[in-house]
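# Observations on chain architecture
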Amino acid sequence: MQNLHGMDLLTLGELTPADVSTVLERATAQKQTRALTRRVPTMTDKSAALIFMKPSMRTRVSFELACVDLGIHPVVLGAGDAFSRNESIHDTVKVLERYVECIVIRTFAQADVEQIAEHSSVPVVNALTDDFHPCQVLADLLTIREHKGHIEGLTLAYVGDGNNMANTLMIGGALTGMHVNIASPQGFEPRADVVSTAVDLAARHGTGAVIHVMRSPHEAVAGADVVVTDTWASMGQEAEHAQRAAAFAGYQVTEALMAEAAEGAIFMHCLPAHRGEEVTNEVIDAPYSVVFDEAENRLHVQRAWLSLVV
Ligand code: CP
Ligand code: NVA
């Protein structure tokens, strides 16, 4: 088991394959004993700041409950609280670290989270930026392992916007030896530097994961074990909704597309889903859809992460 005490979670790429295994093992163990252990919280001398500069439902509820389970006191802050009145990142962090043992933040710019981590003496967790969503992908990896029995050697197909989820899934695949096919329309591909980072991580760790960015959803899904999509307009892109919906025509995950995946393939979505846009009702409500297991696992991986790093 890796010692992750004090570690930041910024992109997921800072973890080694062994670190990922440690988190998934801890999450699995705590999931099995949650009913028992939540009655005997062990970290009652700790507190955490949970900062949300963008909306959230799952992340907020699961982090708050993960803290309570462990005995960590969660303090939830919104845009009217943290960084308000033009307070700098430096000053905000220097104040918060006098109060709390962990800073969890959801915001826009990845650079802001990295700056918070630079200034902070307490561990920092990225709870979603425009570029990465590492907590979600840890939950996705746990969900895949639960449903497929293993991760290494599988193929994950992501159909849609080359956004924070696509970026982080490529990194998650690189660390676990899962091949990742990304199918996006022209102009909506994942960033080339993140693709390179994922390819480099797979090589550095020798996991054998192949990362493949392509245009055709059919090519991406052919023979895939896991099919994933996400909203076509992420938080902050609401004004582009109509233009994006037009660009993503042909990228909806339908039953016909799922039929091109491997036998026993599962469907995943980080949620919230836009039924009738990136996914049909038939797919998200199908027996092969594991979206609510995925949502539940946010709690388990974040609880595991906090118990390891705080
Ligand atoms: N999947 C996810 O992060 O959900 P929220 O935006 O509701 O937190
Ligand atoms: N890509 C989405 C994920 C939401 C959990 C967004 O950033 O809005």
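Our structure is the block above this text.
As a starting point, this report considers the structure included with it. Small disclaimer: the values here were computed from a predicted structure and weren't measured.

On to the site of ligand 1, then. What surrounds ligand 1 is the set Ser 56, Met 57, Arg 58, Thr 59, Arg 106, His 133, Gln 136, Cys 270, Leu 271 and Arg 298. Within the backbone of Cys 270, one N or O atom sits 2.9 Å away from a nitrogen atom of ligand 1. Coverage of ligand 1 by the protein chains reaches 95% of its 260 Å² of free accessible surface. By residue class, the composition of the shell around ligand 1 is three nonpolar, four polar and three charged.

Of the two faces of strand 8 (residues 226-229), the one lined by Val 226 and Val 228 and the one lined by Val 227 and Thr 229 are each fully buried. Judged from the three bridges that link them, strand 5 (residues 155-159) and strand 8 form a sheet pairing that is parallel. Its bridge partner being in strand 8, Leu 156 is matched across the sheet by Val 226. Here four bridges tie strand 8 to strand 9 (residues 266-269), and the two strands are oriented parallel to one another. Paired with Val 227 across the two strands is Phe 267, which belongs to strand 9.

This brings us to the site of ligand 2. In the vicinity of ligand 2, the contacting residues are Leu 128, His 133, Asn 163, Asn 164, Asp 230, Thr 231, Ser 234, Met 235, Cys 270 and Leu 271. The separation between a nitrogen atom of ligand 2 and a polar side-chain atom of Asn 164 is 2.8 Å. Met 235 is positioned such that a nitrogen or oxygen atom in its backbone is 2.8 Å from an oxygen atom of ligand 2. When the free accessible area of ligand 2 is taken as 270 Å², the share hidden by the protein chains comes to 94%. Classifying every residue of the shell around ligand 2 gives four nonpolar, five polar and one charged.

A few words on the packing of aromatic side chains. Taken as a whole and judged by the stated rule, the model has three aromatic pairs. Judged by centre distance (5.6 Å) and plane angle (10°), the rings of Trp 232 and Phe 248 are stacked. Here the residue Trp 232 occupies a position in the loop between strand 8 and helix 10 (241-247), and Phe 248 occupies one in the loop between helix 10 and helix 11 (255-258), the gap between them amounting to 16 residues. Under the relative-accessibility criterion, Phe 248 is labelled buried at 0%. Each residue in the set Phe 188, Trp 232, Phe 248 and Tyr 251 is aromatic and connected to the rest through ring pairs, giving one cluster.

As a further point, take the sheet that holds strand 8. If you trace the five strands from one edge of the open sheet to the other, you get 7-6-5-8-9, paired in parallel fashion. Each edge of the open sheet carries a strand with a single partner, namely strand 7 (211-214) and strand 9. Adjacent strand axes in the sheet meet at a mean angle of 20° when their direction is disregarded. With four bridges joining them, strand 6 (residues 179-183) and strand 7 adopt parallel strand pairing. Across the sheet, the residue bridging to Ala 183 is Met 214, located in strand 7. With respect to the sheet, helix 7 (residues 164-176) is in contact with strand 5, strand 6, strand 7 and strand 8, its orientation differing from that of strand 6 by roughly 160°.

On to the environment of Asp 193. Structurally, the position occupied by Asp 193 is in helix 8 (residues 192-205). Among the polar contacts made by the side chain of Asp 193, one reaches the side chain of Arg 191 at a distance of 2.9 Å.

Time to look at helix 8. For helix 8, spanning 14 residues, the distance from its first C-alpha to its last is 20 Å, which sits close to the expected 20 Å at 1.5 Å a residue. Turning to helix 8, its buried residues number three or more, namely Val 194, Val 195, Ala 198, Leu 201 and Ala 202. Along the axis of helix 8, the buried positions cluster into a sector of 125°, meaning they face one direction only. The exposed residues of helix 8 that point more than 90 degrees off its buried face are Ala 192, Ala 203 and Arg 204. The elements touched by buried residues of helix 8 are helix 7 and strand 7. Gly 206 sits one or two positions beyond helix 8 and adopts a positive phi of about 60°.

Below, the discussion takes up unusual backbone geometry. In this chain, Leu 271 is followed by Pro 272 through a cis amide linkage whose omega measures 5°. The residue Pro 272 is located in the loop between strand 9 and helix 12 (281-284) in this model. With a phi close to 60°, Asn 86 is a non-glycine residue in the positive phi region. By the element assignment, Asn 86 lies in the loop between strand 2 (73-78) and helix 4 (89-99). In this structure Asn 86 comes out as exposed when scored by relative accessible area, which is 79%. Although it is not a glycine, Leu 271 sits at a positive phi angle of roughly 70°.

Any two packed helices are characterised by how steeply their axes cross, that is the angle between the axes, and by the distance between the axes. Here helix 1 (residues 17-32) crosses helix 6 (residues 134-148) at 70°, and the two axes come no closer than 10 Å. One finds that helix 1 runs roughly perpendicular with respect to helix 6. When the axes of helix 1 and helix 6 are compared, the crossing they make is right-handed. Only Leu 138, Leu 141, Leu 142, Arg 145 and Glu 146 of helix 6 make contact with helix 1, whose side of the interface consists of Val 20, Val 23, Leu 24, Glu 25, Ala 27, Thr 28 and Lys 31. Of the residues contributing to the contact of helix 1 with helix 6, the split by class is seven nonpolar, one polar and four charged.

Parameters and conventions
- Residues numbered from 1 in each chain as written.
- Chains lettered and ligands numbered in written order.
- Predicted model: local features only at pLDDT ≥ 70, side-chain atom pairs only at ≥ 80, totals over all residues.
- Heavy atoms only, no water.
- Near = heavy atom within 4 Å.
- Polar contact = N/O pair within 3.5 Å; in protein donor to acceptor, adjacent residues only side chain to side chain.
- Areas by Shrake-Rupley, 256 points an atom, 1.4 Å probe, with all protein chains shown as cover.
- Nonpolar A, V, L, I, M, F, W, Y, C, P; charged D, E, K, R; others polar.
- Buried < 20%, exposed > 50% of the residue type's maximum accessible area, 1.4 Å probe, protein only.
- Helix = DSSP H or I, 4+ residues; strand = E, 2+ residues; numbered from the N terminus.
- Pairing = 2+ DSSP bridges.
- Phe/Tyr/Trp six-rings, centres within 6.5 Å; stacked < 30°, edge-to-face > 60°.
- Axes fitted to C-alpha atoms, helices over the stretch in contact; angles between N-to-C directions.
- Contact = heavy atoms within 4.5 Å.
- Expected span 1.5 Å × (residues − 1).
- Arc of directions from axis to C-beta.
- Parallel < 35°, antiparallel > 145°, perpendicular 65-115°, else oblique.
- Left-handed = near helix turned anticlockwise from the far one by under 90°.

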